[in-house]
Amino acid sequence: MKNTPIPKVEMQHVSKSFPGVLANDCVDLKLHKGEVLALLGENGAGKTTLMNILCGLYRPDSGMIFIDGRQVEIQSPRDAQKYGIGMVHQHFKLVDSMSVLENIILGLRNEPFVLDLKRVRNRLVALAAQYHLDVDPDASVWQLSVGEQQRVEILKLLYRDAEILILDEPTAVLTPQESHELGRVVHVMKQEGKSAIFITHKMEEVMEFSDRVMVLRKGKVVAEVNTAETTPRALARMMVGREVLFQIDKKTVSPGNVVIELSHIEALGDRGLPALKDVSFQLRAGEILGVAGVAGNGQTELAEVITGLRRSTKGKLTIAGEDMTNSPPLQIIRRGVAHIPQDRTSVGAVGDLSVASNLAMKQYRSRPLSAGFFLSPKNILDFARTLIEKFHIFTPSPQTQVKFLSGGNIQKTILAREIEAAKSVLVAVYPSRGLDIGATETVHRLLVSQRDAGLGVLFFSEDLDELLHISDRIAVLFEGRIMGIFDANEVTIERLGMLMAGVCEEEGA
Ligand SMILES: Nc1ncnc2c1ncn2[C@@H]1O[C@H](COP(=O)(O)OP(=O)(O)OP(=O)(O)O)[C@@H](O)[C@H]1O
Ligand SMILES: [Mg+2]
């Protein structure tokens, strides 16, 4: 056996419990210099908790942490910074109204009292070039895309000389192109001798980015393997504890009436620029219309126009034959249209309310959750329990506040509420984001069963495999325009990919 070097980081027998859950159960973790460790596990397995302990946000109930072989106490993110540990959280913590440069400066410790702005800027620009993290130091954060904001977060850590970078589901919010670029950044970091812990639900990324994989299940380490010695299928099995089939039975149904029709719809984006241009299509009952496209090409705006959250500046929206152009959201909800939004934290769920209240939010006006003017707490709880079971939401109880759930379980709560509330149309924007593979399979099955039950489903995704797998037809969105609508059985991945990149066919087909 080779002489094993002292690990950069070692966690020994770390445990952490919350009311009703043992989130980390005697976890051992080692990370070497220049190594990338992928942390895998189902939603609620304890990945974020373990990393929050390492970056000083949570104190463990028991266990020890060593950096370069020396035992340390990490009591705060400041302590973590002192030991060279930095974390990019799934929900970024930048200040929107400030510039990139100002965000980098914010909270710096070892700067002289009078800050030498020029020096900070020069160093920032040099770091950005070294790591291929391209951002404009003077741009305000609110103007940046999600991918750019993430680069700022990473730069902020590198500026603080982080040696150990923790990335919690960094690619869940990125376009495939941006994920690929992040892969390059991670590669440069490795070459510079930095180490990283990478949480993801995407197997291809585990294979591409990591040297080693650690799998958590219900708070415990259930497997540790070298990436080169495993396969995505084997990892999936270790995670879920059973074989994952990635298959769905989809019977053919003939679509019914038109439930939604858009004709020549135009709308502006948040920055006042045209986001939808002359969009026309029909969605029928009993079909899944997939919307393919790289995020940021009008998906959010399209979903918002249909659900009444954004005004269209031109064109017409009809729901079940009735003109609903620019009607308020509540009226559209009353027509049986449900919406799984892209942004689950600010519009999807109310963190301070219980899981049960969040689940009941769309249905409390009607029986059996209320009778006359009165809500029925018992029926609300029963309703919640049924959904928690059906959607495998991992929560200590229906009364637990949503903010205490893991990222994937918050997503499942929104999915459960909206899929249940959909009576004629379901607008699902990236519904499987942040979900583990088992939960993704469940969501696919539920979307198909809603379609079989006669709903029209508009399904947004960037993942072409997923789109081809469950859609009946696929529309491609590029720069706010529909580039074409195809039968899912007849179109190829290559053709969709070309259209997503804005390449039109020459034949004029
Ligand atoms: N602050 C908290 N208070 C109460 N419970 C918590 C808190 N943070 C996490 N938990 C619970 O700990 C468990 C593990 O959650 P954690 O966020 O670590 O899961 P995860 O593996 O990151 O899952 P996901 O893939 O969904 O992000 C969950 O049951 C969660 O509800
Ligand atoms: Mg998490």
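Let me sum up the structure you'll find in this document.

Reading the values: rules and limits
- Residues numbered from 1 in each chain as written.
- Chains lettered and ligands numbered in written order.
- Predicted model: local features only at pLDDT ≥ 70, side-chain atom pairs only at ≥ 80, totals over all residues.
- Heavy atoms only, no water.
- Phe/Tyr/Trp six-rings, centres within 6.5 Å; stacked < 30°, edge-to-face > 60°.
- Helix = DSSP H or I, 4+ residues; strand = E, 2+ residues; numbered from the N terminus.
- Buried < 20%, exposed > 50% of the residue type's maximum accessible area, 1.4 Å probe, protein only.
- Lys NZ or Arg CZ within 6 Å of the ring centre and 35° of its normal.
- Near = heavy atom within 4 Å.
- Polar contact = N/O pair within 3.5 Å; in protein donor to acceptor, adjacent residues only side chain to side chain.
- Areas by Shrake-Rupley, 256 points an atom, 1.4 Å probe, with all protein chains shown as cover.
- Nonpolar A, V, L, I, M, F, W, Y, C, P; charged D, E, K, R; others polar.
- Expected span 1.5 Å × (residues − 1).
- Contact = heavy atoms within 4.5 Å.
- Core = buried A, V, L, I, M, F, W, Y, C linked by side-chain atoms within 4.5 Å.
- Domains from an automatic or database assignment.
- Pairing = 2+ DSSP bridges.

## Focus: the packing of aromatic side chains
- Here the structure, examined in full by the defined rule, presents two aromatic pairs.
- Centre to centre, the rings of F18 and Y58 are 5.4 Å apart; their planes meet at 75°, and the pair counts as edge-to-face. Linking F18 in strand 1 (residues 9-18) with Y58 in the loop between helix 1 (47-54) and strand 4 (62-67), this pair joins segments that are 40 residues apart in sequence.
- For the ring pair F198 and F209, a centre distance of 4.8 Å and an interplane angle of 90° mean the geometry is edge-to-face. In this pair, F198 sits in strand 8 (residues 195-199) while F209 sits in helix 7 (residues 203-209), placing the two residues eleven residues apart along the sequence. Pair check on accessibility: F198 and F209 agree, each one buried.
- Over the ring of Y430 we find R433; its NZ or CZ atom is 4.2 Å from the centre of that ring.

## Observations regarding the site of ligand 1
- The local shell around ligand 1 holds 20 residues, among which G44, T49, F404, S406 and G408 are the closest.
- The backbone of A45 places a nitrogen or oxygen atom 3.2 Å from an oxygen atom of ligand 1.
- Note that an oxygen atom of ligand 1 is positioned 2.7 Å from one of the backbone N or O atoms of G408.
- Here ligand 1 loses 91% of its free accessible area of 640 Å² to cover by the protein chains.
- Elements that contribute at least two residues to the shell around ligand 1 include exactly strand 2 (21-31), helix 1 and helix 14 (407-421).
- Grouping the amino acids of the shell around ligand 1 by side-chain chemistry returns eight nonpolar, nine polar and three charged.

## Remarks on helix 5 (residues 146-159)
- Relative to the 20 Å expected for 14 residues at 1.5 Å per residue, helix 5 spans 20 Å between its end C-alpha atoms, a close match to the ideal helical length.
- Within helix 5, twelve of the 14 residues are buried, which leaves it mostly tucked inside the rest of the structure.
- Listed in full, the buried residues belonging to helix 5 are G147, Q149, Q150, R151, V152, E153, I154, L155, K156, L157, L158 and Y159.
- Check the buried side of helix 5 and you find it contacts strand 6 (85-88), helix 3 (100-105), helix 4 (117-130), strand 7 (164-168) and helix 6 (176-191).
- Two residues or fewer past helix 5, D161 is found with a positive phi of approximately 60°.

## What to know about the nonpolar core
- Within the largest apolar cluster, 47 residues are counted, with the highest numbers of intra-cluster contacts made by L359, L426 and L447.
- There are two domains that each give this core at least three residues, and those are domain 2 (256-336 + 423-509) and domain 3 (351-421).
- Sequence-distant contacts of L426, that is, excluding residues within four places in its chain, are made with A338, I340, E418, I419, L447, L455, G456, V457 and L458.
- In this structure, I105, V141, L144 and L167 belong to the second largest nonpolar core, which totals 35 residues.

## Regarding the pairing of strand 1
- As paired strands, strand 1 and strand 4 are joined by five bridges and run antiparallel to one another. Along strand 4, the bridge assignment pairs V9 with I67.
- Bridge analysis of strand 1 against strand 2 gives seven bridges, and the strand direction is antiparallel. Its bridge partner lying in strand 2, S17 is registered against L22.

Read these as layout, nothing more, since geometry by itself doesn't imply function.
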